[in-house]
Every structure is written in structure tokens, then in C-alpha cells.
Amino acid sequence: MFVASIAVIIEHMTNGCILPVSFLLTGNPTYYNLALYGEVAFMIYATTLLLTSYALQRDVSIEQMHPAVWHLLILHHVASMMLCIGCIMFGDVVPKQLVCYVLLALLG
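This is a predicted model, so every value here is computed, not measured.

Conventions we followed
- Residues numbered from 1 in each chain as written.
- Predicted model: local features only at pLDDT ≥ 70, side-chain atom pairs only at ≥ 80, totals over all residues.
- Heavy atoms only, no water.
- Helix = DSSP H or I, 4+ residues; strand = E, 2+ residues; numbered from the N terminus.
- Buried < 20%, exposed > 50% of the residue type's maximum accessible area, 1.4 Å probe, protein only.
- Contact = heavy atoms within 4.5 Å.
- Areas by Shrake-Rupley, 256 points an atom, 1.4 Å probe, with all protein chains shown as cover.
- Salt bridge = Lys/Arg side-chain N within 4 Å of Asp/Glu carboxyl O.

Engineer: What should I look at first to understand the overall build of the protein in this one?
Structural biologist: Helix and strand content of the protein: four helices and zero strands. The secondary structure elements of the protein, listed N-terminal to C-terminal, are α-α-α-α. Taking the principal axes of its C-alpha atoms as reference, the protein extends roughly 45 × 25 × 20 Å. A burial count over the protein gives 34% of its 108 residues as buried. Counting only contacts in the protein whose residues sit at least 6 apart along the sequence, the fraction spanning at least 24 positions is 58%. Here the protein displays about 6,600 Å² of accessible surface, and carbon together with sulfur accounts for 74% of that area.

Rendered as C-alpha cells:
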């Protein structure tokens, strides 16, 4: 459980804080893209583990939460993926600074 918590904290700090703030400070789009693609990759991984937990009827997820909240975590992960994929697909139409502020707001 401790290692799982550390993994989630590192992911949230990296994709939700460090990379968006780095983009806001430098304007380098690499940080923006890393935040979005990193978030999508982690959400795919975490959602796959939750779905596997459902199939096995045993918790093998990163979050190590009670089975009663698995459906909420799946909803959270899918919604996060949809937002990030939408920002990636719409490209320059989406204001990158606003997306970074939203990523930061989602942490709080």
C-alpha cells in the first residue's frame, strides 16, 4: 500500500504539477505534451489494473482502494483520459496555459 501511494503521488506531482508549472514558466511545449501524454499513459495503466481487479475479484490496482470505489476510480480515470486526449487532438486550438491551470486545479 505504501509503494502504491508513492507511485500515485509521484504521478500526480509530475503530470499534474511539475510539468504544467514548467510549461507556464518556460513556454516550452515539450512540458505541455509530456504532461498530457504522461497522464494518458498512466490512466491507461491504472484503468487496466482496475479492470483486471474486477475480473479477478481481487485488488491488483495501484490505488489499493476498497472495491466499493473501483467504479468511481474508473470513471475518474476515463474522464481524465478524455480531457487529455481531447486537448491532444484539438492541438493548438486549445489554450495551453488554460490546460496547465486546469491540471494544477485538479490537484487541489
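From this point on, the discussion continues.
Engineer: Please clarify how the pattern of salt bridges should be interpreted in this entry.
Structural biologist: Two side chains that carry opposite charge are able to pair once their charged atoms sit near each other. Throughout the structure, instances matching the rule amount to one salt bridge. The partner of aspartate 92 in a salt bridge is lysine 96, and the shortest N-O contact between them spans 3.6 Å.

It is worth stressing that arrangement in space is one thing and function is another; only the former is reported here.
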